[in-house]
Each structure stands twice: as C-alpha cells, then as structure tokens.
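Given next are the chains, with one letter for each unit.
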Amino acid sequence: MVSGETAEATALAAKEAAALITGTDGVLAVAPPQLNEAGTTALLAVIPKTGPTAAATEDTVHTIRERVAGVDGATIALTGATAVGIDVSEKLGDALPVYLLLVVGLSVLLLMLVFRSVLVPVKAALGFLLTVGATFGITVAIFQEGHLADLVGLDTPGPLVSFLPILLIGILFGLAMDYEVFLVSRMREDFVHGSDAREAVVSGVGHNARVVTAAAVIMTAVFGGFVLMEDPIIKSIGFALAVGVLVDAFVVRMTLVPAVMHLLGRAAWWLPRPVDRALPDLDIEGERLHREIPVPSATEDLVKA
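Quantities reported herein were computed from a predicted structural model and do not represent experimental measurements.

### Concerning unusual backbone geometry
- Look at R116: it is not a glycine, yet its phi comes out positive at around 50°.
- For R116, a relative accessible area of 8% translates into the label buried.

Here's what the structure looks like:
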C-alpha cells in the first residue's frame, strides 16, 4: 500500500515501488497500482514465487520492505495475510524467551517459599522444561515433518500455528506445577514431621500417585478428543497438550521426580541460612507446631492408659 499527500506524489511513489518490487528475488509478479478516488492511496498486489508458509516467502517480505524503505514522497507499507502472519510469528517468537523466563522464575520463587528448598524448585523447573522440549519435538516431528502423520489423521504436514508455543507453555505449566505440588507436598509434610527423607518420598508417591494418575488420564482424554477434529490447527493443539500431559505426569513427575528426590535424600530440603532468614516462613505443613508441641512417647501412652 502506497499513501502520499498528493495524487502526483502517490503515482510516482507507486511506480517506483512497483519497479523495485518487480526486481526482487522471490517475486513472481506485481499487479498495476489501483488508486482510490482521490488518488492519494495506491494498492499493489505482490505475488511471490513460493507459498505463504515457506521460509523463502518470509525472506521475500523482509527484502521488499528493505528495498521500498528508501522511496520518498509517500508512506509504503507491506500488508496482507502472509505479511501479517509473519509479523505475528516474529513478535511471539521475540516474546517467548521473556515469557518462559518469567513463568519459570516465578515458579522457582514460589516453590522455594512453599517447600523451603533450593533443589526442589530447580528440579521442578528443569522437569517442566524437559516436558516442553519433548512435547515440541514430538509435535514437530508429526505435524511439521510428517513422521507417523497417518496415525493422527493428518493429510498434509505443515508449519505449526505461531501461537502454539505460548498456549502450550501456559497450560502445561499450570498442570505440571499441580502435579509437582501434589507429590512433593506430602513428601515435605512427612519429612518435617520426623520421617526419613527417603521414606518421605515413598510415602508421598504412595499417597498421591493415584491422584496425579487420575488427573493426567482425564486431561489426556479431554485434549486427545481434539485430535479427532478435521482442522489441522485444532488437531495439533489437542495433540500437543495430550502428549505434554502424558510426558509430564508419567515420565517427569511419576518417574524422574521420585528418583531424583530419593537420590538427593536430606539434601533435597537444603536451604541456605541467609536465604531462609530472608524468605517469609509460610509453614504450610505445620512444622512450627510440631516443634512446639512434643509428641508423647509410647511409654507415656501406656502410663496414661
């Protein structure tokens, strides 16, 4: 789109822009300018040689913008569904690292407050990153590269929708932290009430594994239902969420978390003294109450009886 203050300036700028765009690599054709009634705005339809989702088309869009930036006498903008899609993808891509850092950073801080530990929040964050990485890898392999695409009813592989990473990270983060808190909170409760660190791991998994399993199965069934849809975008979103829940619940939370907690032992609940003093003590498990009220021994119970 070319917009100028006068009809003459707009016509000259449109002619110059058309010449520059025609000589750009990757451009198949440029339609003649279409002016409005006042002659101050002109539209030029640009047809690229490659498809709208091809990487070469993105390079062509950037090249065109660079070449027409020097045209004087008018304001030139490259728009359309393809250009808008490229711009949205780039904006989301730039925001993704900040979004991921903010989500993971806040989770580490909050879990540190709840569990009074450094290694437990770090383990939870690393497990979440493992879940996201595995989910992206599997989804890209099937929906973008076409491996085993017939199993999900995908006819034509193609690029994933640009907002899928943001959506996937947000939903999986909430579910992953739920499963983490379900398991580790019982471990922490048993530990602060006198159980051995490794016994607390066994107790935590034994009491809460069924809750995590039931929740994961329900969420996987819900998300998996979207894989049956014909729309490839909805199909890819449902598949990614279903795979993410399965990986996080059964591989990360039910397998790796107990194994790492068992290997760490008492070190899992280590918190540097300066950090311990700086953080507010939420005392969710009632550790302070357990210290202040002595637990009667078995002998005392017999005497009272």
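Having put the structure on the table, let's press on.
### A closer look at helix 1 (residues 7–22)
- Here helix 1 spans 22 Å end to end across 16 residues, near enough to the 22 Å set by a 1.5 Å rise per residue.
- Regarding helix 1, the residues found buried are T10, A13, A14, A17, A18 and I21. Along helix 1, the residues classed as buried sweep out an arc of 140° about the axis, all on the same side. Turned more than 90 degrees away from the buried face of helix 1 sit E8, L12, K15 and A19, all of them exposed.

### Structural notes on the sheet that holds strand 1 (residues 2–3)
- The strand order 3-4-1-6 describes an open sheet built from 4 strands, whose pairing is antiparallel. Taken across any chain shown, the strands that pair with only one partner, and hence form the sheet edges, are strand 3 (34–35) and strand 6 (75–76).
- Looking at chain direction, strand 3 and strand 4 (residues 41–43) are connected through 2 bridges and run antiparallel. Residue pairing for strand 4: L35 is matched across the bridge by A42.

### Details of the side chain of D190
- Along the polypeptide, D190 turns up in helix 5 (residues 164–192).
- Reaching out from D190, the side chain makes a polar contact with the side chain of S203 at a distance of 2.4 Å.
- Apart from residues no more than four positions distant in its own chain, D190 is found in contact with S195, A200, S203 and G204.

### Concerning the side chain of N208
- Here N208 shows up in helix 6 (residues 197–225).
- Relative accessible area serves as the criterion here: at 16%, N208 is assigned to the buried category.
- A polar contact of 2.4 Å, which involves the side chain of N208, links it to the backbone oxygen of F182.
- Residues contacting N208, with those up to four places away along its chain left out, are F182, L183 and R186.

### Notes on helix 3 (residues 81–115)
- Between the first and last C-alpha of helix 3 there are 48 Å, a value that for 35 residues agrees with the 51 Å anticipated at 1.5 Å per step.
- Residue L96 marks the point of greatest curvature in helix 3, where the axis turns by about 35°; the proline P97 follows within four residues.
- Of all the residues in helix 3, the buried ones are A83, I86, V103, V104, S107, L111, M112, L113 and F115.
- Buried residues belonging to helix 3 abut helix 2 (55–68), helix 4 (119–144), helix 5 and helix 8 (273–278).

### Some words on the environment of T57
- Here T57 is to be found in helix 2.
- With relative accessibility at 2%, the residue T57 sits in the buried group.
- For the pair T57 and G26, spaced 31 residues apart in the sequence, the C-alpha separation amounts to 7.2 Å.
- One polar contact links T57 to T50, side chain to side chain, over a distance of 2.5 Å.
- Of the polar contacts made by the side chain of T57, one reaches the backbone oxygen of G51; its length is 2.4 Å.

### Quick notes on the confidence of the model for the protein
- Of the residues in the protein, 92% have a pLDDT of 70 or more, and the chain-wide mean is 86.
- Across residues 297–303, confidence stays below pLDDT 50; counting only partners more than four residues off in sequence or on other chains, it has 1 contact.

What counts and what doesn't
- Residues numbered from 1 in each chain as written.
- Predicted model: local features only at pLDDT ≥ 70, side-chain atom pairs only at ≥ 80, totals over all residues.
- Heavy atoms only, no water.
- Buried < 20%, exposed > 50% of the residue type's maximum accessible area, 1.4 Å probe, protein only.
- Helix = DSSP H or I, 4+ residues; strand = E, 2+ residues; numbered from the N terminus.
- Expected span 1.5 Å × (residues − 1).
- Arc of directions from axis to C-beta.
- Pairing = 2+ DSSP bridges.
- Polar contact = N/O pair within 3.5 Å; in protein donor to acceptor, adjacent residues only side chain to side chain.
- Contact = heavy atoms within 4.5 Å.
- Bend = angle between axes of the 7 residues up to and from the residue.
- pLDDT = per-residue confidence, 0-100.

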